[in-house]
Amino acid sequence: MNNAANLQISRCKLSNFVLSIPLFMSNYLEELNPEQKAAVQCTDGPVMIIAGAGSGKTRVLTYRIAYLMEQGADAFNILSLTFTNKAAREMKGRIGYIMGDEAKNLWMGTFHSVFSKILRMEAGNIGFNNNFTIYDSDDSKSLMKSLIKNEGLDDKIYKVNSVLNRISSAKNNLIHYQEYQNNDHLVSEDKIAGRPRLGQLYEAYCRKCKASDAMDFDDLLYYMYVLLKNHPDVLNKYQNKFKYILVDEFQDTNYAQYVIIRKLAAKHENICVVGDDAQSIYAFRGATIQNILNFEKDYSDLKTFKLEQNYRSTKTIVQAANSVIKNNQYQLDKDIWTQNDNGNQIRLLKALSDNEEGHLVANTIFQDKMNLQMPNKDFAILYRTNAQSRSMEEALRKLNIHYRIYGGISFYKRKEIKDLLAYFRLSINPQDEEAFKRVINYPKREIGKTTMDKLSIAADAKQISIWDICENIHLEPISIAPKTKKRISDFVAMIKNFNIMANKKNAFEVASHIANATGLIRDLYADRTPEGISHYENIQELLNGIKEFIDTGQAALDAPSSETVNNEMRLLGEYMADIALLTDADSKKNDDNDDFVSLMTIHMAKGLEFKQVFVVGLEENLFPSQLSLQTRNELEEERRLFYVALTRAEQQLTITHAATRYRWGNLITSERSRFIDEIDPKYIDDKTPKRAQERPQERPSKNWSGFGRAISTTAPSLPSRFKKLKSSKPKNGQTTANFEGDDLDNMKVGMKVEHQRFGLGEVISIEGLFPDHKATVEFENLDGQKQLLLKYAKLKIIRS
DNA sequence: GGAGGCCTCGGAAGG
DNA sequence: CGAGGCCTCC
C-alpha cells in the first residue's frame, strides 16, 4: 500500500467511519479487474470464486470483507475461515489496515481455532468441560499405543499410525464409532486388512478422550458437527450470528468441514467459498474436490466467478504451468493468462548426482545474485521431500549463501516444552491423562512404570480415571509401597495447588511457579551440555512468551473477545486455549539476518511467491513419488503439486534433476520426471552442462504426453525398484567415456586414487562384501572422508 | 531406572 | 544411511 492509502486510513479513524470509508472503497474497487470486482460486490447468496494461482485471491477476499462492512454488515456477523493461522493473521492484518479497529470484531481464524472457541463456550451441551484439553498428534499416538497394548493386540498389525489414520478419516466423514461398527463395508475392509478390532479401538479411543476431557484435532470438527446437529438452539444462535461466511482454500476442505459450514450458512446462505481445484494438494489428508462439485449441486442459485488473470508470473511461467496442468483429466475449465512480459525460458539443469544438483543450484544462485543484483530472499528452492534439503544445504553453505529451511521440529514439539506444557495442562484439567503420564515421573520422583501399570489396572477395574485413583491413593487397596503412595499423594497435592493458583493468579505467575516448584527448571539448568543449555533456554523462551501474553494481551485472532480485556488477569487456561492450536510457523523467529534463500517442500510453499524458484529433484519415483503411481487420482495430485511449484515463480523458473541419488543409503539411478516432458518444450532452455549429457536422450522430447513413459513406470513400482544395481556395467551408468574406473578387485588400503569429481585421495579402509565393497577415502580437497561404493564410484588407481 | 544395542522403516502436513 | 522406538541388560 502507498502513502495515499495510509492517509486514507488515518482519516477513516479520525472522521466519521461510515462517511469516509466509501471514499476509500471507491478508490480501491478501481484497482480490481472486472471479474474481481464482481466477485467482491456480489454479496448476497452463495458464491464460489475459482481463483487461479496468482490471480489476486487474497485481495478479493480482503476487499470483499471490507466491502461487506462498508455495506453495513457488522463485523461480529462475519465469519471467515482459513486453513492456517498464518493466513488468518495476514488477512486480519490487511483488513485491519483498511478498516481500522473494527476488524478486531471479525470472526476470523482457522476452522479448528474458531470451532474450539465455540466448543469451549458450548461445551456443556456435549458433555465436555469448557477447559477441555486439545490433544495433539503425539498425545493421540501415545494414547492409541497404550490402547493397542491394553487390548492385547499385535502392534505390528495394528500400527498406531494406520489405526489413527483410519479413525481420523472416519471422523472427517462424520462417522461415529457406533455407526462405524455397524457399517458392513468398513468392517469388512478392516477384516481384509487384518484389523478386525479397529472399530473397537475407535470406540475405546473416543471413550478415553472423553473421560480425559480431551479432544483431538479431528474432534474439534466432529463435535462441532454434533453440537450443531443435536442442539437446534445452538445451531440457531450461530446461524443468526454468522450472516456472512467466507471460506478460503475451499479445495482443501474435507467432508466434515463442508457439512458444518453448510449448516452454519443454512439460514442466510450468504456463503462465499474461494479455491482453486488445480492447487488441491491435500487430498491425502482427507480434503476432497468433491466439495466443489457438491457446492454447485447444493446451491442451485450459486454464482460462480473465475479469476483467470495472473498478476504474479511471466507469460512463460504461466503458459508452461498451463501446459502441465492440462494433462489432468479432472479439473474445472479455466484459462489462466497474464499481461506480464514473456520473461526468460525455464532453465533445465541436469546433474550427475544429488550432491552435484546441490552445487549446480547453489552456483546458479550465486551467479544470478551477481549478474542480476538480487538478494537471497528472492530465491527459493522447492523440493518434493524433506530429505532433499541436505545436498542443497551443503552446497549453499560452501558458497556462503545464507539460507533457511522451513519445516522441521516445531518449538511446541520439543520435549522440554511439551513437559512444561503438560504440567500446565494437568493444572487446568487434572483428568488429562496423557499429560499425567508425561509428568508423573518427570522430573524424577521415583514413580516408575510398575507403579503406573498398577494404577492403570486399578483405574480400569473401577472404571474411573487414574487421577481419581491417585486422589485417594491411601484408601486404595493396591499393592503399592506406602512410600510410593506418599509420593503419589504429594504429586496430587502439588497439582491441586497449581490448579487453585491457576484460577487466582495470572498466567505468567502461575507458569513460573510451576516451572520452579516442579523442579523442572532446576533439572534442566543442571545440564550444562550445549543441548541442555538450549533446553533451558527454550523454557525461558516459553515463559517469555507467556509474559508477553500478559503484557500485550496478544491473543488468538479467531474471534472477538467479549470479556473486558484485563491483561494482568489473563489466566493460564486462556493462554493454553490460545496456543493449543498454534504451530511452529506461528512462533516468530528472530534472525539477525533476514536475507536468506528459502528452502522448503512444495507443500509448504503453497500460497507463497518468489522472484526466482528452483524446483529440484524432478525424477521419476521421486516427483512424481513412486507411492503415487498406483492410481490416476494420486498421479493427478502430484501433477497439481508440480503446478503449484511452477506457479510460485514470478520471474525465473529453474528445474533440476539428478541422474543418481542416494536414497536410504543406496545409490539409485533416476530417470528424469515425466513432468519435465509435460512442459511444452518451447518454454524450456536446456542448460545441461555438456559433460552431463553423456548419453543420448532415450526418448525423443516430442514424446511428452507421458504415454510412452507410463510403460516404464508400470514396471515394479514399490521398493523393489530401489534394489541395488548389478555391478556389471550398469545401463544408466554415470561414467563419462574417458573416465574408466579401475577394477575394484585391485583396490587396496593405502592406495592413492582419483575420483571423477572429488579428485585425488587415499583409501583409508575397505569394507563390505561383493558386490558392495565400500571404500573410505580421504580426499585432498575435501573436508573429512567419503564413503564410496566401489561399484559406482569408479575410482582410478593412481599409485599403489 | 537408564544407557546402549538392535531393529525397523522411510511421503507431503494443516490444526 | 539415519532416526526413533523398543528391548535388554546392567
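Residues numbered from 1 in each chain as written. Chains lettered and ligands numbered in written order. Predicted model: local features only at pLDDT ≥ 70, side-chain atom pairs only at ≥ 80, totals over all residues. Heavy atoms only, no water.

### Let's talk about the overall build of chain A
Scanning chain A for helices and strands turns up 32 helices and 24 strands. Sorting the 800 residues of chain A into buried and exposed places 52% on the buried side. Within the structure as shown, chain A displays about 36,900 Å² of accessible surface, and the carbon and sulfur contribution to it stands at 50%. (Helix = DSSP H or I, 4+ residues; strand = E, 2+ residues; numbered from the N terminus. Buried < 20%, exposed > 50% of the residue type's maximum accessible area, 1.4 Å probe, protein only. Areas by Shrake-Rupley, 256 points an atom, 1.4 Å probe, with all protein chains shown as cover.)

### Topic: the confidence of the model for chain A
Averaged over chain A, the pLDDT score is 82; the fraction of residues at 70 or greater is 80%. In this model residues 1-23 is a low-confidence stretch, pLDDT under 50, and it forms 22 contacts with partners more than four residues away in sequence or in other chains. Within the model, the stretch residues 691-744 combines pLDDT values under 50 with 81 contacts to residues more than four positions away or in other chains. (pLDDT = per-residue confidence, 0-100. Contact = heavy atoms within 4.5 Å.)

### Remarks on the sheet that holds strand β19 (residues 684-686)
A sheet is described by the order of its strands in space; here 7 strands give the open sequence β13-β14-β12-β15-β16-β11-β19, paired in parallel fashion. This sheet does not close on itself; its edge strands, each paired only once, are β13 (403-405) and β19. Mean inter-strand twist for the sheet, computed between neighbouring axes without regard to direction, equals 25 degrees. As judged from the 4 bridges shared by strand β12 (residues 379-383) and strand β14 (residues 597-601), these two strands associate in the parallel manner. Within the sheet, the bridge partner assigned to L382 lies in β14 and is M600. Together, β11 (346-351), β12, β14, β15 (610-615) and β16 (649-658) form the strand contacts of helix α17 (residues 354-372), whose direction differs from that of β11 by roughly 145 degrees. (Pairing = 2+ DSSP bridges. Axes fitted to C-alpha atoms, helices over the stretch in contact; angles between N-to-C directions.)

### Section: the layout of surface pockets
Computed from the structure, the second largest pocket encloses a volume of approximately 1,200 Å³. Considering the residues around the second largest pocket, the lining is formed by 38 residues, among which S146, N150, K208, E433 and S456 are closest to the centre. Counting only elements with at least two residues in the lining of the second largest pocket, the list comes to α7 (137-150), α11 (198-211), α20 (433-439), α21 (449-462) and α22 (466-471). Split by residue class, the lining of the second largest pocket holds 12 nonpolar, 10 polar and 16 charged. (1 Å grid on protein atoms, 1.4 Å probe; cavity = no way out; pocket = protein on both sides within 12 Å on 5 of 7 lines; lining within 4 Å. Points joined across faces, edges and corners; volume = space filled by probe spheres on them. Nonpolar A, V, L, I, M, F, W, Y, C, P; charged D, E, K, R; others polar.)

### Examining helix α6 (residues 111-122)
Across its 12 residues, α6 extends 16 Å between first and last C-alpha, which sits within 8% of the 16 Å expected from 1.5 Å per residue. Among the 12 residues of α6, 9 are classified as buried, and the element is accordingly described as predominantly covered. Among the residues making up α6, those that are buried are F111, S113, V114, F115, S116, I118, L119, R120 and E122. (Expected span 1.5 Å × (residues − 1).)

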